[in-house]
Every structure is written in C-alpha cells, then in structure tokens.
Amino acid sequence: MRQATVYIDRNAIQYNLNRVKQLATNSKIVSMVKANAYGHGIKDCLAALNASDAFGVACLQEGLEIRELGFQQPVTLIEGVFSEDEMPIAIKQKFECMIHHQQQFEWLIKHKQAYINQGLKVWVKLNSGMNRLGFKNPEIIEVIKTLKSEGFTCVLAMHFANADVDHPLNEQQKQQFLQVKQACDPVLASCCNSAAIYKWPELHFDYVRPG
Ligand SMILES: *Cc1c(COP(=O)(O)O)cnc(C)c1O
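Residues numbered from 1 in each chain as written. Predicted model: local features only at pLDDT ≥ 70, side-chain atom pairs only at ≥ 80, totals over all residues. Heavy atoms only, no water.

S.K.: Before we go on, may I ask you to explain helix H4 (residues 60-68) in this structure?
M.R.: Since one α-helical turn is 3.6 residues long, residues separated by three or four positions face the same way. Along H4, the positions that sit buried rather than exposed are Leu60, Glu62, Gly63, Leu64, Ile66 and Arg67. Along its buried surface, H4 packs onto helix H2 (34-39), helix H3 (42-48), strand S2 (54-57), strand S3 (75-77), helix H5 (87-92) and strand S4 (95-99). Directly beyond the C-terminal end of H4, a positive phi value near 95° is found at Gly70. (Buried < 20%, exposed > 50% of the residue type's maximum accessible area, 1.4 Å probe, protein only. Helix = DSSP H or I, 4+ residues; strand = E, 2+ residues; numbered from the N terminus. Contact = heavy atoms within 4.5 Å.)

S.K.: Got a minute to help me understand the packing of aromatic side chains in this structure?
M.R.: In this description, a pair of aromatic rings is defined by centroid distance and the angle of the planes. As enumerated under the stated definition, the model contains five aromatic pairs in all. Aromatic pair Trp123 and Tyr207: ring centres 4.9 Å apart, planes at 50°, arrangement tilted. Of this pair, Trp123 sits in strand S5 (residues 122-125) while Tyr207 is found in strand S8 (residues 207-208), placing the two residues 84 residues apart along the sequence. Both residues of the pair, Trp123 and Tyr207, belong to the buried class. Taking 6.0 Å as the distance between ring centres and 40° as the angle between the ring planes, the aromatic pair formed by Phe177 and Phe205 counts as tilted. Highlighted residues: Phe177 in helix H9 (residues 168-184) and Phe205 in the loop between helix H10 (194-199) and S8, separated in sequence by 28 residues. What makes Phe177 buried here is its relative accessible area of 1%. Taking relative accessible area as the criterion, Phe205 reaches 23% and is therefore assigned partly exposed. (Phe/Tyr/Trp six-rings, centres within 6.5 Å; stacked < 30°, edge-to-face > 60°.)

In structure tokens form, the structure reads like this:
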C-alpha cells in the first residue's frame, strides 16, 4: 500500500477563520475542533485558531485536552456530558454543555448552582430533521422556558443536515428554528455550520460554528 501524507497549512486555517470573521461580524465564533480537529491534529489547529471566541468539541475528554495544551478559551461540549459524574469536571473547567435529552436536563438542574456560578450558558439542541440528537418542537420550548425560569442563560442550537447542498429539508429546518426562537424570545441562538455561514447570513445570530 502506498503511504499517504497530508499537509496542513496553518496559514490556510487562519485565513479561513478570518474569512468567517468577515462574514459573521456580529457573531461569536465557536471553532469546531472535534475528533482531533477532524483528524488534522488538535494542537496545531488550536494554535492557528487561537483568535476564536470559543472551541467546540464532542466530549469531555476532548475538552480536557484543550486545557492540557494550555488554551483557556470557552469550550462547548456539543454532545454535553455522557454521565452525571462528568458534570462537576465540566463545570470546573468552564465547559458549556449542550443538552439533547431528558437525563442531561436533570443532571444540569442538579448541578444548577455551580453551573450558573461559573457563568456558563446552556446550549439546548433542537432536533429539526437531522434526527440524531435533540429535543423536538414543541417540547424544546418547555425545556428552554423551564431552564430560563431556573436562572439559566440558554443558547438555542440546531445543526443543518444538508447545509452544503440544495435540499428541501433546509427550508423546513430553518422555519422550525425561527419558530422556536421566537417562542422562546429572548434567547441566544446558533445554527450555522460552515456551509450555512456562507449561505444564510440572516441566520448567523449569536454564535456561528465553522468546522
Ligand atoms: C461538526 C459540527 C459543526 C461544524 O460542521 P461543518 O459542516 O464541519 O462546518 C457545527 N456544529 C456542530 C454541532 C457540529 O457537530
């Protein structure tokens, strides 16, 4: 078998980040570096993306790696914690959690005071068609309203299943997101991955999540 070599250009990554900054001037940028920065090598990518407002990773372990490498930016765990005992660690490290099922909601409520005291927001995932993770509409509206009444600051979040192509689901997902956002108003919002950042400037909202 032939050996394949991949060259990662730090300048190109930095250029891409600046491009996103130009496109989404009013949004914070959560650079997605899950799965070892998509297999690019987390350390060099973090250095290239140091000017990001935050980093997004899939699990606690990946978040801890960011801290071990010395990066102190806010981190969002895009699938939240996987068990209750991860919660105090996430809070201590200032990792914001995404919640997408009832159990995570309950863990969050249990650790409410510590979580809020750390100034952490909670990301609440709308399942609007990707059908992997998330609360459905209208259940999610109740979830967010309850969290708000408990004193949490919420970020309504969604992931487009097919943002990179013209697909009928895109419009459907968009409409659902806007409807839930309005029903939860005021609420912070985030729904754009890389392709969506380019295609739908009207959906940049508070945080964009380029990968
Ligand atoms: C991976 C991921 C992104 C980035 O997606 P790209 O298509 O690589 O831009 C954004 N948001 C979430 C929740 C993700 O898991």
